[in-house]
Amino acid sequence: MLHVKSGLESDFEATFKKASKFISSMDGYLSHELHKCIEVQGKYLLLVKWQTLESHTVGFRNSAEYQEWKKLLHHFYEPFPTVEHFEEIEI
């Protein structure tokens, strides 16, 4: 869950489009989606699918691409998001 500072939503969305090229270029990246909350202004849901946990926690987080991602996006968040990892349950 991402909480974007009030009044910066449009800038965040435009910048996120630019930042997407960094995450999508990584080894182990499968896809990502950004959803804007209808009820709460400034609240977004980011879902990123990776081949393995390490593709994110080691590959992306230790890369130059992550440094660019951080530079572009991290100043928009208040509070800073907690990143959690989930695995899909077949239904």
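Please read all numbers here as calculations on a predicted model, not as lab measurements.

**What about the overall build of the protein?**
The secondary structure content of the protein amounts to three helices and three strands. Counting helices and strands in the order they occur from the N terminus, the protein gives β-α-β-β-α-α. Relative to the compact-globule value of 12 Å for 91 residues, the protein shows a C-alpha radius of gyration of 13 Å, a close match. Viewed in the frame of its principal axes, the protein has a C-alpha envelope of about 35 × 35 × 20 Å. The buried share among the 91 residues of the protein stands at 31%. About 6500 Å² of surface is accessible on the protein, with carbon and sulfur atoms providing 52% of the total. When the 10 basic and 14 acidic side-chain charges of the protein are each reduced to a single mean position, those positions are 8 Å apart.

**As for the environment of D11**
One can find D11 in helix α1 (residues 9–24). For the pair formed by D11 and H35, sequence separation is 24 residues and the distance between their alpha carbons is 15 Å.

**Some thoughts on the pattern of salt bridges**
Summed over the entire model, instances satisfying the criterion amount to two salt bridges. Residue E13 is joined to K36 by a salt bridge in which the shortest nitrogen-to-oxygen separation is 3.2 Å. Of the two residues, E13 sits in helix α1 while K36 sits in strand β2 (residues 29–36), which places them 23 residues apart along the sequence. Look at E13 and you get partly exposed, because its relative accessible area is 27%. Residue class for K36 comes out exposed when judged on its relative accessible area of 51%.

**A look at the sheet that holds strand β1 (residues 2–3)**
On the basis of which strands lie adjacent, the open sheet formed by three strands has the order β1-β3-β2 and antiparallel pairing. The sheet terminates laterally at β1 and β2, the two strands that pair on one side only. Of the strand pairs in this sheet, β2 and strand β3 (residues 43–50) are connected by seven bridges, and their pairing is antiparallel. Considered in β3, the bridge of S31 is made with K49.

Cut-offs used in this document
- Residues numbered from 1 in each chain as written.
- Predicted model: local features only at pLDDT ≥ 70, side-chain atom pairs only at ≥ 80, totals over all residues.
- Heavy atoms only, no water.
- Helix = DSSP H or I, 4+ residues; strand = E, 2+ residues; numbered from the N terminus.
- Rg over C-alpha atoms; globule rule 2.2 N^0.38 Å.
- Buried < 20%, exposed > 50% of the residue type's maximum accessible area, 1.4 Å probe, protein only.
- Areas by Shrake-Rupley, 256 points an atom, 1.4 Å probe, with all protein chains shown as cover.
- Lys, Arg positive; Asp, Glu negative; His and termini not counted.
- Charge placed at Lys NZ, Arg CZ, Asp CG, Glu CD.
- Salt bridge = Lys/Arg side-chain N within 4 Å of Asp/Glu carboxyl O.
- Pairing = 2+ DSSP bridges.

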